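# Architecture at a glance
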Amino acid sequence: MLLRVNDVYKTFPGPVAALDGVSLDVHSGEHVSIVGESGCGKTTLARVIMGLVDPDEGSVIFNGHPLLTAHSRRGDFSRQVRMVFQDPFSSLDPRYSVRAILKEALRREPKMTPGEDFLRMRKVLDLVRMPADILTRYPHEFSGGERQRIAIARALMTSPKLLILDEAVSSLDVLVQQEILAMLEELQQRMPVTYFFISHNLRVVRRLSRKVAVMYQGRIVEYADRDTLFNAPSHPYTQVLLKAAFNYEVSP
Amino acid sequence: MNEAIVSVKNLTLALAESPATLILDDVSLVVPRGSIVGVVGGSGSGKTTLGLAMLGLIPSAMQVKTGKILWEDRDLLMRGPEELRRMRGARVSMSFQEAASAFDPVFTVGDQILEAMAAHNPSAGKLARQKMFDLLSLVEVPDPRRVAANYPHELSGGLRQRAMLALALSAKPSVLIADEPTSSLDVTLQARVMQLFRKLRRDLGLSIVLIAHDLGMVERLADEMVVLSKGCVVGKDHPYARALMSAQEM
Amino acid sequence: MSEFKLAWQRFVKDRVALIALWVLGILYAAALFADVITPYSLRDESRLHTYCPPTAIHFLTSDGHWAGPYVRGVAMSYDEYRRRIYRETDEAYPLKFFGKGESYKFLGVVTWDRHLLSVDAPGRVYLLGADSRGRDIFSRIIHGARVSLTIGLFGVLISFVLGLLVGGIAGYFGGRIDNILMRMCEMVMMVPGFYLLLALRAAVPDTLNSLQVYAAIVIILAFIGWAGLARVIRGMCLSLKERDYVLAARTMGLTDMEIVMRHILPHTISYSLAAVALAVPGYILGESALSLIGLGIQDPYASWGNMLSEAMNIVRIQFAPWILWPAFFIALTVMCFNLIGDALRDAWDPMLKGRGDQP
Amino acid sequence: MTRPYERMGRYIIKRLLTAVALLLVMSFVTFMLMRLTPGNYLDTLRLDPQISKDTLAYYEKLYQLDKPAWQQYLFWLAGLVRGEFGYSFYYNVPVAKIIGSRLGNTFILSFAAFLLTWMLAIPLGIWAALNRGRWGDRVAQFISYIVLSLPGFFVAMVLLFWASTTGWLPLGGMESPGAEDLSLWARSWDMFRHLIIPATALSLGSIAALQKIMRGNMLDVLGRQYILAARARGLPEHRVIYVHALRNAINPMITLLGYEFSALLSGAALMEIITSWPGLGSLMLTAVRSKDIYLVMASMMMGGVLFVIGNLLADIALAKADPRIQIK
């Protein structure tokens, strides 16, 4: 078992509770998707797992012990669980070359010789189908899709066990989305990484995940295998969601 | 089909500074009365510029090289600005993707609708307010009085989207150009707006030009469809169109 | 640092700002080499040449031969209103280039006595005219530049460091710290600057020597100015903190300090260069105002502000308008800093918004 | 959902309380600063042989100059509450007598410059934005750059010089001699003529600065989508520009109101000294020069009060203008 989210609560000032008692187990190889409409708390869940946001109650358990402080995450967790963000134009610091960006991912790794560094960089760039000669170039020289590939490469530098993708393709043009999703699908075969995919787009979720959790107002209303969820949804909200997404109909 | 209410004939638009780069290249489109016509394309395909051109709002940085834009057989490229202005909103109107940024933030929703109505057919205060509330109920706004008194930033995403539709329809246009009406909405809201479009066509005989990148949605709603790639109209079998199609199935 | 190169490419496109940069370069260089450039030291007086107009430079002798650049002596007399008028006499004094003159400590190290331009005594050359004690205004402006041009920079630097510290901490850590620090900033900003300037100046004992007065003014100006910069920097830190590359760095295990040093500070410094450049004029004007009313740099030392205090008397402006020259140099410097500041802001603007870092 | 007025009331009270706290802290800091410097006004009196020892002792005791600084501050504070501002050694009269008229004069000058600035800067900014790129805009931009870099005191000097040669305007001061016995109308006209030079010199810089900002705001708003949407609805162009664009472009200017007022206040102090306009600024200068501690304190406090009121008005105006601003 890779990661356990144990009964997490989180409220922000405002009417709706962001997370209202969420529990979820993530097993190695079992690609999970969190799907739901904007404001259902899926991004907050990702940020709680990564320690960017502290939960009011509940905990995140990794390798058997709960992660309570930011410090506790600096060990294995920060090496084995990595995250990719939504906006490609804000994911890469414009001041640094691709080499420096990828190098920063090894900050907490034991020192390696420049040769080993380069090999690892070339490997991750190849995984995201980007040529190794881009190492000396800077973020402003790349398109949105290319930047997102570099961000994914950065996340793969420490060959993480779990990769959290928070709406990773949502702000890309529809055709570029296809390329990135194809690359991510291919990656599933080439690396022992498990995806924790967050999206509001049910088509993207159907393509990439084994298990799907549907979230509504801070709670997981349904958690099932992909096929059962898409073909025989049990919770009414899931049914409404599927009908709206695939047949564009909604009962008045 | 009945006669065209708006049609674009071989329109070519280029950047003023570098006439070689074409934003729209020999684009033709016919919008019959009471029909929904889809214009599908990715970002940078020129679909929004086409929508603006149909309103006679050609961005200053561009110039028309060839082509005509006809409103009931009168080419609006030949018309003077004042005549065009009177037609905008009253004959052809436009709705925008980000409803929040289509509203003036410092005026209430009701005032802005009243203002748009008054710009084309001034009517008495009391009567105008009632027409405004009717319009809001027409676009399925649950509590017109409350929504009219709110400022745009105080409305939810879905409500703001419908209020913007009311704003675009305030002068009873016969054609609505909807630019990405659903792409920033959640799926359930998206479906509800599409149903609203079907109802508006049925009740008002409104013709709609549906500009979007979501091919599946346009296929479901539009009577006919045109695919735009880098400013050119391409056929269904064009690789770009097929790529859009496959993005749909996934 | 490609972002820096990108911004520099945009900055260089603004030719006016480039010219402004050159003008400032010349002014600061002149200040540095003041002793060599100026014919006279800032104390060199001549009672015979009170308010003497700018000296005319002749090339031909009275009967039309080429005689190389030379100046004539002047004789003073009074007109019916007992005002001085100067007539050229026939003594001629050749204008010497890099000739020997008053010795000085070049850059405070080597004693030297060459001057770019000088005339043997008793002849006097006043390129821009003389002041009430017959001192050369041109020389005093160049010597004064050492004060007026540097007070602004030192003051802004201190404010910038303070602003970075306070603004950075408030912006990055937020919450109560942010609240307290920002209330403090608002307090300092709310006080009318000039009143505080006078009050602080009053707190400085009069027995200081000129260097201490200089330092006191720098500190006073910095104290008034830092709050504005702190607010600008705090705003920047708040927006930088939300950028995804900062969140990504945190998820990769970087400590707060590492994130601030690698991601927040470098951007903040480059983005606030514009705010700093636009703040310098305020400091220069602050010093000039203080010196103008006699609370700043004291005579005989020169600063553009205290040189102007003579011009406070309208009658003097009437018959010796050249005493307004220092104001021209203040205006020129302020304009250059404004031009550079605007160009810097436009150059960094796309990066600041975090989206448009396309070239 | 109309704005509940008691929320606005509570907001004003909260702002006033923080302002009073600020003024107290400011006065404490200034007082300590003044006491920090060695010696006080009496030192200058001691040099004067005619003044006897006991009068010196009397003054020392009367104004507690012998007491420790904080005690004297409390004495001063208690006096303040009773409306006494202490005694001015320099003018040898209670501070309250001088401060009232000086405060009024500074307010007149600052307010005149304030009106001049806002009446010219806003229209100029709009005009420049609407004629963007045309020669008019470029000329306006060039002039505003020049004016922005001209120090206020230099402009005042030049104007005084011009007035001295043409004689059209008085050379500084606030009233011509013997103005007291003129009729009210004649006297205010006379003061108006005296006001022209200081007010113009003071406001020139801020007109240039605000005009540039207004132009920038206007251009920014004109590029927004709701302007395009307004045109798409067929709204007449004048409504698009003067209702929608202008209304939104003015909002950020209102936030500048407060800080602009403080800039004017500081500028006024200096301008008063140059054009010998009898306001708080020139009073403060003489007080500081002669270490007249109570006079310095009073001028400082009055400057602060004017400042606080200006800021408060600006914030309320902004809350009225922009519905998105929530009154916390």
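One structure accompanies this document, and this report is about it. Nothing here was measured: the structure is a model prediction, and the numbers come from that model. One numbering rule holds for all chains: residues counted from 1, following each sequence as written. Just so you know, chain letters begin at A and ligand numbers begin at 1, following the order they were written in. Reporting of local features is limited, given that this is a predicted model, to residues whose pLDDT is at least 70; pairs of side-chain atoms are given and counted only at 80 or more, and all residues count toward the totals for whole chains, interfaces and linings. Derived side-chain values reflect all non-hydrogen atoms in the structure, with water molecules and hydrogen atoms excluded from consideration.

## Details of the interface of chain D and chain C
- Listed by partner, the interface residues are 45 residues for chain D and 40 residues for chain C.
- Once two parts are brought into contact, the accessible area they lose, counted with a 1.4 Å probe and summed over both, makes up the buried area. Interface area for chain D against chain C, summed over the two sides, is near 3800 Å², with a carbon-plus-sulfur share of 81%.
- One side-chain nitrogen of Lys or Arg within 4 Å of one carboxyl oxygen of Asp or Glu is enough to make a salt bridge. If you look at where chain D meets chain C, you find 1 salt bridge.
- Put simply, C:Asp342 and D:Lys212 hold a salt bridge, and the shortest N to O gap is 2.6 Å.
- The term polar contact refers here to a pair of N or O atoms within 3.5 Å; inside protein, the definition further demands a hydrogen-donor-capable atom paired with an acceptor-capable atom, and it admits residues adjacent in sequence only when both atoms are side-chain atoms. At the junction of chain D and chain C, the tally comes to 2 residue pairs in polar contact (both at pLDDT 80 or more).
- Looking at the side of chain D that touches chain C, the elements that each hand over two or more residues are helix H1 (5-36), helix H6 (135-149), helix H7 (152-166), helix H10 (237-274), helix H11 (280-289) and helix H12 (293-321) of chain D.
- For the side of chain D that touches chain C, the residue count by class is 30 nonpolar, 12 polar and 3 charged. Residue contacts are counted whenever heavy atoms from the two residues lie within 4.5 Å of one another. Each helix is a run of H or I in the DSSP string that is no shorter than four residues. Each strand is a run of E no shorter than two, and both are numbered from the N terminus. Ten residues, namely Ala, Val, Leu, Ile, Met, Phe, Trp, Tyr, Cys and Pro, are considered nonpolar, four, namely Asp, Glu, Lys and Arg, are considered charged, and the remaining ones, Gly among them, are considered polar.

## Notes on the sheet that holds strand E5 (residues 65-66) of chain A
Residue and element names in this part refer to chain A.
- Here, a strand pair is defined by DSSP locating no fewer than two bridges between the strands. The 4 strands lie next to each other as E2-E1-E4-E5, forming an open sheet whose pairing is antiparallel. Among the strands making up the open sheet, the edge pair consists of strand E2 (19-26) and E5.
- Relative to E5, strand E4 (residues 57-62) runs antiparallel, the two sharing 2 bridges. When the sheet's bridge partners are listed, Ile-61 is paired in E5 with Pro-66.

## Here's the deal with the packing of aromatic side chains
- Think of it this way: a Phe, Tyr or Trp ring, Trp meaning its six-membered ring, pairs with another when their centres are within 6.5 Å, and the plane angle makes it stacked under 30 degrees, edge-to-face over 60, tilted otherwise. Under the counting rule described, the total for this entry stands at 20 aromatic pairs over all chains.
- For the pair D:Phe28 and D:Tyr73, a centre-to-centre distance of 5.1 Å together with 85 degrees between the ring planes defines the contact as edge-to-face. One end of the pair, D:Phe28, is in helix H1; the other, D:Tyr73, is in helix H4 (residues 69-81), with 45 residues separating them in the sequence.
- Ring-pair connections join several aromatic residues into one group, and the members of that group are C:Trp304, C:Trp325, C:Phe328 and C:Phe329.
- Sitting above the plane of the A:Tyr223 ring, A:Lys211 keeps its charged end 5.4 Å from the centroid.
- The rule is short: NZ of Lys or CZ of Arg within 6 Å of the ring centre and within 35 degrees of the ring normal puts a charge over the ring. The residue whose ring lies beneath C:Arg124 is C:Tyr40, and the NZ or CZ to ring-centre distance is 4.2 Å.

## Considerations on the interface of chain B and chain A
- Across the boundary between the two partners, chain B contributes 23 residues, which contact 21 residues of chain A.
- Across the chain B/chain A interface, buried area totals approximately 1900 Å², and carbon plus sulfur atoms make up 59% of it.
- Linking chain B with chain A are 0 salt bridges, by the criterion used here.
- Summed over the shared surface of chain B and chain A, the number is 4 residue pairs in polar contact (both at pLDDT 80 or more).
- Residue assignment for the side of chain B that touches chain A shows that the elements contributing at least two residues are helix H8 (187-204), helix H9 (215-221) and helix H10 (239-249) of chain B.
- Here the element with the most residues in the side of chain B that touches chain A is H8(B); it accounts for 8 residues.

## With respect to the environment of B:Gly38
All names here are of chain B.
- Of note, Gly-38 is situated in strand E3 (residues 36-40).
- The class of Gly-38 is buried, set by a relative accessible area of 0%.
- In the structure, Gly-38 is positioned 111 residues away from Ala-149 in sequence and 34 Å away in space, judged by C-alpha atoms.
- In this view, Gly-38 contacts Leu-210, Val-218, Ala-222, Glu-224, Met-225 and Val-226; residues no more than four positions away in its chain are not counted. Using a 1.4 Å probe on the protein chains alone, a residue whose accessible area is under 20% of its type maximum counts as buried, one over 50% counts as exposed, and one in between counts as partly exposed.

## So, the pattern of salt bridges
- Scanning the model with the defined rule gives 47 salt bridges over all chains in all.
- As a salt-bridge pair, A:Asp225 and A:Lys211 come within 2.8 Å of each other at their nearest N and O atoms. One end of the pair, A:Asp225, is in strand E10 (residues 219-225); the other, A:Lys211, is in strand E9 (residues 211-216), and 14 residues separate them in sequence.
- Residue A:Lys211 is classed as buried on the basis of its relative accessible area of 18%.
- With a closest N to O distance of 2.7 Å, C:Arg234 and C:Asp178 form a salt bridge. Note that C:Arg234 is positioned in helix H7 (residues 210-241) and C:Asp178 in helix H5 (residues 175-190), a separation of 56 residues in sequence.
- Judged by relative accessible area, C:Arg234 falls into the partly exposed class, the value being 23%.
- Bridged by salt links that share partners, the residues C:Glu45, C:Asp131, C:Arg133, C:Arg135, C:Arg140 and C:Asp299 form one connected network.

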